[in-house]
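Coordinate inspection notes
Read off the chains here:
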Number of protein chains: 2
Amino acid sequence: MSDLLFVSSNIYKFKEAKKILNSFEINIEFLKLDLEEIQSNSIKEIAIKKAQDAFSKCKKPLIIEDDGLHIDSLDGFPGPYSSYVQKTIGNQGILNLIKKDRSAKFISNITYCDKISCKCFEGKLSGTISNSEKGKGWGFDPIFIPKNTKQTFGELIEKNNVSHRYKALKKFSNWYLNRQESNDQ
Amino acid sequence: MSDLLFVSSNIYKFKEAKKILNSFEINIEFLKLDLEEIQSNSIKEIAIKKAQDAFSKCKKPLIIEDDGLHIDSLDGFPGPYSSYVQKTIGNQGILNLIKKDRSAKFISNITYCDKISCKCFEGKLSGTISNSEKGKGWGFDPIFIPKNTKQTFGELIEKNNVSHRYKALKKFSNWYLNRQESNDQ
């Protein structure tokens, strides 16, 4: 089962996804592609269009991921535009925007696409935005503290066992492995 | 010449555009449509795809507008996502993000589309971000001070004679009227 591609322009996402999927005995290969993205407030809608675009280009079973940080007091900002916001105003920008209510959630949407089906798997993780950047990691890792912890994703060694990405990939794996087994019979 | 549609989900844009185009003796009608938008750092690319999408839906000559506020010290943020950023963090969010360098520019891209051609017209206006919201208006009007003035777009009575939208629509009008005249001969 090594014919599954992970299509993304972000190598960090791939590395995390590979580690997580390997623990479920699924292997993935990286295909670096800039995919066309529509603007929408629905991450699921963005993900499906992106996966279909990717499949039309590479014609192999694949998964893509769209994820976003949604901050309650900022009406869900940066949401579907997390990547652009990270590149422009960055973590410091987010910290400058937040006042009292620091609650937020990360949502990951893993979308599988092959010539027959296109299927989404969502993982959510609630938490809060820290007062300052802490730890390493990439993206918003240094400012997101998952609920029931006191450390940011950037400090948390077990990030890949609790993250929104882990939750979405676990759902995908359950479906994918059962599906494969049915196909093998 | 009243068969030209202005396709948008934003009535304020239409009202401004209508006033400006009327001064060039071009009439437009409003067609409220939510159009599919790709995510891209290129406003021109977004505009062309949007105009083609609109034309495929209404089959009539039309213009659409994409505009964005680009803040130098924030790497061009909010740029192509100005509308989403306005709806979420709003003007106060922008004011919280800016520190020393307050320079910015507004860019408008008017795109015309009919069954034969698709053509873009760009208008740019430099300025600065004010220290606080001033005046009325919509969108970023209360925080954008055009160069060579001391008032925000929200305070400026002559906004429609100097704006990025005016500049783009003037270019469009020159082309459109000459083209019409050629067609009429």
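Conventions and cut-offs
- Residues numbered from 1 in each chain as written.
- Chains lettered and ligands numbered in written order.
- Predicted model: local features only at pLDDT ≥ 70, side-chain atom pairs only at ≥ 80, totals over all residues.
- Helix = DSSP H or I, 4+ residues; strand = E, 2+ residues; numbered from the N terminus.
- Rg over C-alpha atoms; globule rule 2.2 N^0.38 Å.
- Buried ≥ 20, exposed ≤ 12 C-beta atoms within 10 Å, placed from the backbone.
- Contact = placed C-beta atoms within 7 Å.
- Pairing = 2+ DSSP bridges.
- Axes fitted to C-alpha atoms, helices over the stretch in contact; angles between N-to-C directions.
- Least-squares fit on C-alpha atoms with pLDDT ≥ 70 in both.
- Nonpolar A, V, L, I, M, F, W, Y, C, P; charged D, E, K, R; others polar.
- Arc of directions from axis to C-beta.
- Core = buried A, V, L, I, M, F, W, Y, C linked by C-beta atoms within 7 Å.
- Parallel < 35°, antiparallel > 145°, perpendicular 65-115°, else oblique.
- Left-handed = near helix turned anticlockwise from the far one by under 90°.
- pLDDT = per-residue confidence, 0-100.

1. As for the overall build of chain A
A count of helices and strands for chain A gives six helices and seven strands. In chain A, the succession of α and β elements from N to C terminus is β-α-β-β-α-β-α-α-β-β-β-α-α. At 16 Å, chain A has a C-alpha radius of gyration in line with the 16 Å of a compact globule built from 185 residues. In terms of overall dimensions, chain A has C-alpha extents of about 55 × 30 × 20 Å along its principal axes. When the 185 residues of chain A are sorted by exposure, 45% land in the buried category. Considering only intrachain contacts with a sequence separation of at least 6, the fraction spanning at least 24 residues in chain A is 60%.

2. Re the sheet that holds strand β6 (residues 118-129) of chain A
All names here are of chain A. Strand order in the open sheet formed by six strands is β2-β1-β4-β5-β6-β7, with mixed pairing between adjacent strands. With one partner strand each, in any of the chains shown, β2 (28-32) and β7 (144-146) form the two edges of the open sheet. Between one strand axis and the next, the sheet turns by 35° as a mean value, whatever way the strands run. With eleven bridges joining them, strand β5 (residues 103-113) and β6 adopt antiparallel strand pairing. Paired with Thr111 across the two strands is Cys120, which belongs to β6.

3. Quick notes on the relation of the copies chain A and chain B
Both copies of the chain are tied together by a single rotation about an axis and a shift running along it. Taken as rigid bodies, chain A and chain B are interconverted by a rotation of 180° and an axial shift of 0.0 Å, the fit giving an RMSD of 0.0 Å. Those values place the two copies in the arrangement expected of a two-fold rotation axis. Taking C-alpha positions as reference, the residue of chain A nearest the rotation axis is A:Ile38, located at 1.8 Å. In this assembly the copies share their binding face: 100% of the residues contributing to the interface of chain A also contribute to that of chain B.

4. Overview of the interface of chain A and chain B
Taken together, the contact pairs 16 residues of chain A with 16 residues of chain B. For the side of chain A that touches chain B, the secondary-structure elements that each account for two or more residues are β3 (37-39), α3 (82-88) and α4 (90-97) of chain A. Per-class residue counts for the side of chain A that touches chain B are seven nonpolar, five polar and four charged.

5. Regarding helix α4 (residues 90-97) of chain B
Looking only at α4(B), the buried set comprises B:Asn91, B:Gly93, B:Ile94 and B:Leu97. What you see down the axis of α4(B) is that its buried residues fit within an arc of 155°, all on one side.

6. Let's talk about the sheet that holds strand β6 (residues 118-129) of chain B
Residue and element names in this part refer to chain B. The six strands lie next to each other as β2-β1-β4-β5-β6-β7, forming an open sheet whose pairing is mixed. Each having just a single partner strand, β2 (28-32) and β7 (144-146) make up the two edges of the open sheet. With strand direction ignored, the average angle separating the axes of adjacent strands in the sheet is 35°. Direction of pairing for β6 relative to β7: antiparallel, over a ladder of three bridges. The residue bridging Gly127 from the neighbouring strand is Pro146, located in β7.

7. Considering the nonpolar core
Grouped together as the largest cluster of nonpolar side chains are 44 residues, with contacts concentrated most on A:Ile71, A:Ile129, A:Phe144, B:Ile71, B:Ile129 and B:Phe144. With 27 residues, the next largest nonpolar core counts B:Val7, B:Ala54, B:Tyr166 and B:Phe172 among its residues.

8. Regarding the packing of α4(A) against α4(B)
Relative orientation of the contacting elements α4(A) and α4(B) amounts to 120°, with a least axis distance of 9 Å. Taken as axis vectors, α4(A) and α4(B) run oblique relative to one another. In the packing of α4(A) onto α4(B), the handedness of the crossing is right-handed. Touching A:Gly93, A:Asn96 and A:Leu97 of α4(A) are B:Gly93, B:Asn96 and B:Leu97, all from α4(B).

9. A closer look at the pairing of strand β5 (residues 103-113) of chain B
Residues and elements named next belong to chain B. Burial analysis of β5 places nine of its eleven residues in the buried class, the great majority of the element. With ten bridges connecting them, strand β4 (residues 62-71) and β5 associate as antiparallel partners. Note that in β5 the partner of His70 across the bridge is Lys105. Where β5 folds back onto β6 in an antiparallel hairpin, the turn is made up of four residues.

10. Looking at the confidence of the model for chain A
In the predicted model, chain A carries a mean pLDDT of 91, and 94% of its residues have values of at least 70. For this predicted complex, the interface confidence score (ipTM) comes to 0.75, while the overall pTM stands at 0.83.

11. Looking at unusual backbone geometry
All names here are of chain A. In the segment running from Phe77 into Pro78, the intervening peptide bond is cis, with an omega of 0°. Mapped onto the secondary structure, Pro78 falls in the loop between β4 (62-71) and α3. At Asp75, a residue that is not glycine, the phi angle is positive and equals roughly 55°. Topologically, Asp75 is positioned in the loop between β4 and α3.

12. Section: the environment of B:Leu95
Residue and element names in this part refer to chain B. The residue Leu95 is located in helix α4 in this model. Leu95 sits in the partly exposed class, given 16 other C-beta atoms within 10 Å. Along the sequence, Leu95 and Asp34 sit 61 residues apart, while their C-alpha atoms lie 29 Å from each other. Apart from the residues within four sequence positions on either side, Leu95 is in contact with Ser132 and Ile143.

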